[in-house]
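Observations on chain architecture
The residues making up each chain are set out below.
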Amino acid sequence: MKSIAVLGSTGSIGSQTLDIVQRYPDRLRVKLLAASRVSEKLLEQVKQFRPEYVYVAEGGEIEGVKTLSGDTGLDELASLDIDIFINGIAGIAGIKPTYLLLKNRKKQATANKEAIICLGEVFKDRYSEILPIDSEHSAVFQALQAGNRENLKRIILTASGGPFWNSQSLENITVEDALNHPRWKMGRKVTIDSATLMNKGLEIIEAHYLFNIPYSKIEAVIHPQSLIHGIVEFIDGSMIAQMSCPDMRIPISYAISYPDRWETGAKYLNLFEYGKLEFYQPDEEKFPLLKIARECGEKGGAYPTVLTVADELAVDMFLRGEIKFTEIPLIVEKILEKANFKKPESYEDVIFIIEETKKLFKDIYKTAGGKIA
Ligand code: MN3
């Protein structure tokens with residue numbers, strides 16, 4: 001019996017994690033659920049999974065369980081004796097929990113690419129202890145099992161391309177259009193990032209830090225069917241690809257059961273239903289964020305963190321109807337131009353860069369933007 005903590009339990013990754021837990025009551029026991037606030041959904045989850053602890057970032061009490069909150073609660077959470085922490089927190093809010101879990105050397109499986117990226121310069125040496133949930137990185141992790149690291153030629157991350165990869169024009173795209181992802185059901189932030197291809201840009205940086213692979217060996221391709229999630233090529237010319245229906249329960253389950261594999265409830269792939277696999281070069285002119293992200297990754301230092309924060313704030317502005325879809329990359333670029341920070345050496349340095357980037361953003365765009373933690 002493994003004890004499990006689900007961070008971001010009411011979100012997309014959290015709910016799908018609990019879906020797996022539900023299938024294996026004899027293998028998994030929920031010891032902690034964490035969410036940003038008390039909601040109907042959280043209360044239902046507490047009732048169903050009966051955790052010993054609940055963490056609520058904004059505070060609040062839940063009857064019958066030990067409720068933790070705020071910064072001290074987060075410290076306590078990260079020191080609990082739990083076999084695996086699933087980090088399904090969306091966006092920059094996931095940085096502190098990721099850091100605390102790394103510091104305390106807890107076993108964590110994470111879908112929070114923002115944290116991996118922002119903490120990468122400081123903590124990448126510990127990243128081999130992290131199990132990836134992001135589907136592309138899970139795919140690469142799975143494919144890497146087929147050979148030795150010294151024999152690695154390159155890795156390829158696939159992108160569905162989002163709803164617009166082959167559209168003529170990106171003008172007049174509404175929030176609703178951009179949230180309408182053709183293949184994956186995900187949270188709002190990652191769905192918009194997927195439409196701008198920033199998601200793949202962030203994933204290139206995520207892969208660099210997670211697997212300690214140089215940028216020259218990481219590529220991204222558009223693969224509209226979203227059946228291959230990641231590919232590892234070895235020096236003998238062999239490519240090992242991980243294929244499955246696009247269902248996040250597969251990478252989540254693998255992170256929990258690794259090196260074992262469990263049934264997940266995901267559909268088995270019927271190849272005849274699809275018939276063909278297509279691959280296209282991403283258009284970096286039309287989707288400049290992909291190129292900007294790679295450049296930020298190659299420059300290293302504070303750039304990946306500034307990029308992550310600027311994008312989250314710009315996406316937030318777009319979701320609130322304050323800017324056009326095509327303005328997202330322009331805003332991110334402008335913040336990158338203005339930002340001038342030293343390479344982070346500690347967690348505190350990373351937080352400083354995040355806070356200063358938020359201030360810079362507010363000064364320039366006079367936006368509420370303060371919703372993010
Ligand atoms: Mn992904």
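Residues numbered from 1 in each chain as written. Predicted model: local features only at pLDDT ≥ 70, side-chain atom pairs only at ≥ 80, totals over all residues. Heavy atoms only, no water.

On the surface, D283, E284, E285, E295, E298, E333 and E337 cluster together into a patch of negative charge. Secondary-structure elements contributing two or more residues to the negative patch are helix 13 (288-299) and helix 15 (327-338). Looking at the secondary structure, you find E298 in helix 13. (Patch = residues over 30% accessible without salt bridge, like charges linked within 9 Å, V, L, I, M, F, W, Y side chains within 5 Å. Areas by Shrake-Rupley, 256 points an atom, 1.4 Å probe, with all protein chains shown as cover. Salt bridge = Lys/Arg side-chain N within 4 Å of Asp/Glu carboxyl O. Lys, Arg positive; Asp, Glu negative; His and termini not counted. Charge placed at Lys NZ, Arg CZ, Asp CG, Glu CD. Helix = DSSP H or I, 4+ residues; strand = E, 2+ residues; numbered from the N terminus.)

Under the domain assignment, the protein is made up of domain 1 (2-132) and domain 2 (137-367). Taking only C-alpha atoms, the centre of domain 1 and the centre of domain 2 are 22 Å apart. The interface is formed by 35 residues belonging to domain 1 together with 45 residues belonging to domain 2. Summed over both sides, the interface between domain 1 and domain 2 buries roughly 3400 Å², with carbon and sulfur atoms accounting for 68% of that surface. By the criterion of area lost to domain 2, the three top residues of domain 1 are I117, E121 and P132, representing 21% of everything that side buries. Remark: the boundary between domain 1 and domain 2 carries four salt bridges. Note that E114 is salt-bridged to K189, the shortest N-O span being 3.0 Å. Counting across the interface, domain 1 meets domain 2 through eleven residue pairs in polar contact (both at pLDDT 80 or more). Breaking the side of domain 1 that touches domain 2 down by element, the ones donating at least two residues are strand 1 (2-7), helix 1 (12-23), strand 5 (84-87), helix 4 (95-103), helix 5 (113-118), helix 6 (120-123) and strand 7 (130-132). (Domains from an automatic or database assignment. Contact = heavy atoms within 4.5 Å. Buried area = accessible area lost by both parts, 1.4 Å probe. Polar contact = N/O pair within 3.5 Å; in protein donor to acceptor, adjacent residues only side chain to side chain.)

Volume-wise, the second largest pocket comes out at about 320 Å³. In this structure, the second largest pocket is lined by 17 residues; those nearest its centre are I250, R261, W262, T264 and Y268. Examining the composition of the lining of the second largest pocket, we find that four residues originate from one element, helix 11 (residues 249-257), more than from any other. Partitioned by chemical class, the residues of the lining of the second largest pocket number eight nonpolar, six polar and three charged. (1 Å grid on protein atoms, 1.4 Å probe; cavity = no way out; pocket = protein on both sides within 12 Å on 5 of 7 lines; lining within 4 Å. Points joined across faces, edges and corners; volume = space filled by probe spheres on them. Nonpolar A, V, L, I, M, F, W, Y, C, P; charged D, E, K, R; others polar.)

In this section: the coordination of the manganese ion. Binding of the manganese ion to the protein goes through D134 (OD), E136 (OE) and E203 (OE), at separations of 2.1 Å. Mapping the donors of the manganese ion onto the primary sequence gives the spacing D-x1-E-x66-E. Take D134 and E136: they sit in the same class, and that class is buried. (Donors = N, O, S within 2.8 Å, 3.2 Å for Na, K, Ca; no water. Buried < 20%, exposed > 50% of the residue type's maximum accessible area, 1.4 Å probe, protein only.)

Take the sheet that holds strand 11 (residues 239-243) next. A sheet is described by the order of its strands in space; here four strands give the open sequence 9-8-10-11, paired in mixed fashion. Taken across any chain shown, the strands that pair with only one partner, and hence form the sheet edges, are strand 9 (218-222) and strand 11. Mean inter-strand twist for the sheet, computed between neighbouring axes without regard to direction, equals 20°. Relative to strand 10 (residues 228-234), strand 8 (residues 152-159) is paired through five bridges, and the arrangement is antiparallel. Among the inter-strand pairings, L157 is bridged to a residue of strand 10, identified as G230. The sheet strands contacting helix 7 (residues 135-144) are strand 8, strand 10 and strand 11, and the helix crosses strand 10 at an angle near 35°. Running at roughly 150° to strand 8, helix 10 (residues 198-211) makes contact with strand 8 and strand 9 of the sheet. (Pairing = 2+ DSSP bridges. Axes fitted to C-alpha atoms, helices over the stretch in contact; angles between N-to-C directions.)

We now examine the packing of aromatic side chains. Under the criterion given, the structure shown has eleven aromatic pairs. Ring geometry for F361 against Y365: centres 5.1 Å apart, planes inclined by 50°, an arrangement best described as tilted. Of this pair, F361 and Y365 both sit in helix 16 (residues 347-365), four residues apart, roughly one helical turn. Ring pairing ties together the aromatic residues Y99, F123 and Y347, which thus form one cluster. The positively charged end of K299 is found above the aromatic ring belonging to Y303, 4.2 Å away from the centroid. (Phe/Tyr/Trp six-rings, centres within 6.5 Å; stacked < 30°, edge-to-face > 60°. Lys NZ or Arg CZ within 6 Å of the ring centre and 35° of its normal.)

For helix 11, a buried count of nine out of nine residues is recorded, marking the element as mostly surrounded by other parts of the structure. Along helix 11, the residues classified as buried are R249, I250, P251, I252, S253, Y254, A255, I256 and S257.

Now for the side chain of Q242. With respect to the helices, strands and loops of the structure, Q242 is situated in strand 11. Discounting residues that sit within four places of it in the chain, Q242 has contacts with A139, Q142, L227, I228, H229, G230 and I250.

Now for the pattern of salt bridges. Under the counting rule described, the total for this entry stands at 23 salt bridges. Between K200 and E203 there is a salt bridge; the shortest N-O distance is 2.5 Å. On the criterion of helical spacing, the pair formed by K200 and E203 is a turn pair, its members being three residues apart in helix 10. A relative accessible area of 5% means that K200 is categorised as buried. Take E203: its relative accessible area is 1%, and that puts it in the buried class. A salt bridge links K359 to E356; the shortest N-O distance between them is 3.0 Å. Residue K359 and its partner E356 are located together in helix 16, separated by three residues, close to a single helical turn. Exposure remark for E356: the relative accessible area of 23% places this residue in the partly exposed category. Within the structure, one salt-bridge network assembled from shared partners comprises K113, D134, E136, K200 and E203.

Okay, the sheet that holds strand 3 (residues 53-56) next. The seven strands are arranged 4-3-2-1-5-6-7 in an open sheet whose pairing can be described as parallel. Each edge of the sheet is formed by a strand with only one pairing partner; in this case those strands are strand 4 (66-69) and strand 7. For this sheet, the mean angle separating the axes of adjacent strands, direction not counted, is 25°. Note that strand 6 (residues 108-110) and strand 7 share three bridges and pair parallel.

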